[in-house]
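What follows is the residue order along each chain.
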Amino acid sequence: MKLKTVINGNVHQFRDIKDVLAKANEPKSGDRLQKIAANDETERVAAKIVLSEMTIGDLVENPTVPYEKDEVTRVNLDGMNKKTYERIRNTTIGELREYILDHRTTNEDLKRMSRGISGEVAAAVAKIMSSMDLVYGASKIHKITRCNTEIGHPGTLSFRIQANSTTDNPETIIMGVMEGISFGSGDACIGINPVEDNYESTNRIAQKLYEFVMKHEIPTQITVLSHITTQMAAMRKGTPLSMIFQSIAGTEKTNDNFGVTKKLIHEAYQVAYENGISSGPNLLYFETGQGSEVSVNADEGVDEMTLEARTYGFARYFDPFMVNNVTGFIGPETIYDGKEMIRGNLEDHFMGKLMGLPMGMAPCFTNHTPINMDDQQIGTMLLTMAGANFFMGIPQGDDVMLAYQDTSFHDDACLRELMNRKPAPEFHKWMMKKGLMDENGKLTPLAGDGSIFL
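Here is a short report on the structure shown in this document. Here the structure is a predicted model, which means the values were calculated and not measured. (Residues numbered from 1 in each chain as written. Predicted model: local features only at pLDDT ≥ 70, side-chain atom pairs only at ≥ 80, totals over all residues. Heavy atoms only, no water.)

Some remarks on the overall build of the protein
Stage number 1. Helix and strand content of the protein: 21 helices and 15 strands.
Stage number 2. Relative to its length of 454 residues, the protein is compact, with a C-alpha radius of gyration of 21 Å against a globular reference of 22 Å.
Stage number 3. With respect to the three principal axes, the spread of C-alpha positions in the protein is 75 × 45 × 40 Å.
Stage number 4. Restricting the contact set of the protein to residue pairs at least 6 apart, pairs at least 24 apart contribute 77%.
Stage number 5. Taken as a whole, the protein presents about 17100 Å² of accessible surface, with 51% of it coming from carbon and sulfur.
Stage number 6. Each charge sign in the protein was given a centre, from 46 positive and 61 negative side chains, and these centres are 5 Å apart. (Helix = DSSP H or I, 4+ residues; strand = E, 2+ residues; numbered from the N terminus. Rg over C-alpha atoms; globule rule 2.2 N^0.38 Å. Contact = heavy atoms within 4.5 Å. Areas by Shrake-Rupley, 256 points an atom, 1.4 Å probe, with all protein chains shown as cover. Lys, Arg positive; Asp, Glu negative; His and termini not counted. Charge placed at Lys NZ, Arg CZ, Asp CG, Glu CD.)

Below, the structure written as structure tokens:
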């Protein structure tokens, strides 16, 4: 491998692949915190040049965290299609970028290729792409999944209702759900983050959601985002959940911190298959985001963007129903400002799609960062152009329990109208039946009034 290049007569030498990947990254506060970022723009460009000349084989055969040391590396590499990899292993990262952006390269072409690459490869090609490249490349890829209903069809845009309560009060939660459903949110799922991670809260919230969904015959999925083991125990006791949720990351050390392993996720799928209230076959919901590994000091010296792509290689193995990216949620130590948040979201969405995942996005921010609503809305509109499967739907865009800002129910309706998108097919039919939406996906005068469910 060539690990150096010359710019303006100056030699830029890099230590190894990990060093090249880190210094080729666009500015991120997490990389600066780790002290692995490029020192200046010239060094960043030099790293991009070196990276563009590396082959897919170079990156696959030299993972950033050794195979024998890390389960995420093993799942990335063991989950690859060997024949596809052998066919493309000598392709350079620069050539891969050109192939992805070629207008003749189709969705099916990219889906076939996705099994032949690892997370490091997806990160590498994203690092040498512009924002428009990331939007265009992702827009070519569509991933349809099914739990109770199907999401991800071309021409659709779905939403997860997240009507959290500071006290896990089911009545408060249902009030928020009523409003969200009336605006056309909730076709991806109704997913509530409980304050208390125990069986009692998980079951109480799920039972109330199930009662509401069944009463009104709403075609959607129900999930309560307690720990994976809490959900498994609840499902075994009869709690009505459609799928199982878990946060995952790009190193084994971070997953250990989250209390999750490949074996446990396999077990969770089986529990959902045997006890869940959905037909599947996609019964898992993962959440990810740049910086989680840095935040628990388990990054192994790898840049946060590459670690995020490795997370997608881990997720790919389990064929989930949903993957939601929350880059921006941790805070300024990993994503500092609006520009970093927007770029990070575009990278993550593209990398996840390239790895074959059903990517949903949450271009969110916490109240202790300089990120603002304009940044969030710019990012969300770009991601809608890029073909994100779903976004969040939160009352007023302000999560009162998690204390962060995300897309509101009104934002959701606006995004569909701006980009001429409809809800998931079954949900759209239900909305028309209730007089809340017309056949073109436009809301009627009844929409936005949750009291219609009283």
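Re the pairing of strand E5 (residues 158-161)
Stage number 1. Judged by which residues are buried, E5 turns out to be covered on both faces: Ser-158 and Arg-160 on one side and Phe-159 and Ile-161 on the other are all buried.
Stage number 2. Sheet topology places E5 next to strand E13 (residues 390-393); four bridges connect them, and they run parallel. Residue pairing for E13: Arg-160 is matched across the bridge by Met-392.
Stage number 3. Of the strand pairs in this sheet, E5 and strand E6 (residues 189-192) are connected by two bridges, and their pairing is parallel. In the strand pairing of E6, Arg-160 is matched with Cys-189.
Stage number 4. The β-α-β motif built from E5, the intervening helix H11 (residues 170-182) and the parallel element E6 has right-handed crossover chirality. (Buried < 20%, exposed > 50% of the residue type's maximum accessible area, 1.4 Å probe, protein only. Pairing = 2+ DSSP bridges. Right-handed = clockwise from strand over helix to strand, strands pointing away.)

Regarding helix H10 (residues 131-139)
Stage number 1. Those residues of H10 not exposed but buried are Asp-133, Leu-134, Val-135, Gly-137 and Ala-138.
Stage number 2. On its buried side, H10 packs onto helix H7 (93-101), helix H9 (119-127), helix H18 (338-354) and helix H19 (373-386).

Quick look at the pattern of salt bridges
Stage number 1. Scanning the entire structure with this criterion turns up 30 salt bridges.
Stage number 2. Note that Glu-340 is salt-bridged to Arg-32, the shortest N-O span being 2.9 Å. Taken together, the residues span a long stretch of sequence, with Glu-340 in helix H18 and Arg-32 in helix H2 (residues 29-34) at a distance of 308 residues.
Stage number 3. The exposure class assigned to Glu-340 is buried, which follows from its relative accessible area of 6%.
Stage number 4. Judged by relative accessible area, Arg-32 falls into the partly exposed class, the value being 39%.
Stage number 5. Lys-253 serves as the salt-bridge partner of Glu-300, at 3.8 Å between the closest nitrogen and oxygen. Highlighted residues: Glu-300 in the loop between helix H16 (292-295) and helix H17 (304-316) and Lys-253 in helix H14 (residues 252-258), separated in sequence by 47 residues.
Stage number 6. Of the residues examined, Glu-300 reaches a relative accessible area of 19% and is grouped as buried.
Stage number 7. Looking at Lys-253, the relative accessible area reads 47%, which means it is partly exposed.
Stage number 8. Put simply, Arg-15, Asp-16, Asp-19 and Lys-23 are held in one network by salt bridges that share partners. (Salt bridge = Lys/Arg side-chain N within 4 Å of Asp/Glu carboxyl O.)

A look at helix H21 (residues 425-433)
Stage number 1. Every buried residue of H21 is accounted for by Phe-427, His-428, Trp-430 and Met-431. Mapping the buried residues of H21 onto a view down its axis gives an arc of 160°, with all of them on the same face. Exposed and oriented more than 90 degrees from the buried face of H21 are Lys-429 and Lys-433.
Stage number 2. As for H21, its buried residues are in contact with H11 and helix H12 (199-216).
Stage number 3. Immediately beyond the C-terminal end of H21, within one or two residues, lies Gly-435, with a positive phi of roughly 75°. (Arc of directions from axis to C-beta.)

Digging into the side chain of Thr-223
Stage number 1. Tracing the backbone shows Thr-223 in strand E7 (residues 222-224).
Stage number 2. You can call Thr-223 buried: its relative accessible area is 0%.

Brief notes about the side chain of Thr-64
Stage number 1. Position of Thr-64 relative to the elements: it lies in the loop between helix H4 (56-60) and helix H5 (71-78).
Stage number 2. In this structure Thr-64 comes out as buried when scored by relative accessible area, which is 7%.
Stage number 3. Side chain to side chain, Thr-64 and Glu-120 meet in a polar contact 2.7 Å long.
Stage number 4. Among all residues touching Thr-64, those that are not within four sequence positions of it are Lys-18, Leu-21, Glu-120, Val-302, Thr-306 and Arg-310. (Polar contact = N/O pair within 3.5 Å; in protein donor to acceptor, adjacent residues only side chain to side chain.)

Remarks on unusual backbone geometry
Stage number 1. Here the residue pair Gly-280 and Pro-281 is connected by a cis peptide bond, since its omega of 15° sits within 30 degrees of zero.
Stage number 2. Considering the arrangement of structural elements, one finds Pro-281 in the loop between helix H15 (262-275) and strand E9 (284-288).
Stage number 3. Its identity as a non-glycine residue notwithstanding, Lys-35 has a phi of 65°, on the positive side.
Stage number 4. Note that Lys-35 resides in the loop between H2 and helix H3 (41-53).
Stage number 5. Unlike most non-glycine residues, Glu-300 shows phi in positive territory, near 60°.

Examining the sheet that holds strand E15 (residues 404-405)
Stage number 1. Pairing is antiparallel across the open sheet formed by three strands, whose spatial order is E12-E15-E14. Only two strands of the sheet have a single partner each, and these edge strands are strand E12 (365-366) and strand E14 (398-399).
Stage number 2. Pairing between E14 and E15: two bridges, direction antiparallel. The residue bridging Asp-399 from the neighbouring strand is Tyr-404, located in E15.

Considering the packing of H10 against H18
Packed helices, taken two at a time, are described by the angle their axes make and the gap between the axes.
Stage number 1. Across the interface, H10 lies against H18 with an axial gap of 9 Å and an inter-helix angle of 35°. As for how H10 packs across H18, the hand of that crossing is left-handed. Every residue of H18 that contacts H10 at Ser-131, Leu-134, Val-135, Gly-137 and Ala-138 is listed here: Arg-343, Leu-346, Glu-347, His-349, Phe-350 and Lys-353.
Stage number 2. Residue composition of the contact of H10 with H18, by class: five nonpolar, three polar and three charged. (Axes fitted to C-alpha atoms, helices over the stretch in contact; angles between N-to-C directions. Left-handed = near helix turned anticlockwise from the far one by under 90°. Nonpolar A, V, L, I, M, F, W, Y, C, P; charged D, E, K, R; others polar.)

These values are about where atoms sit, not about what they do.
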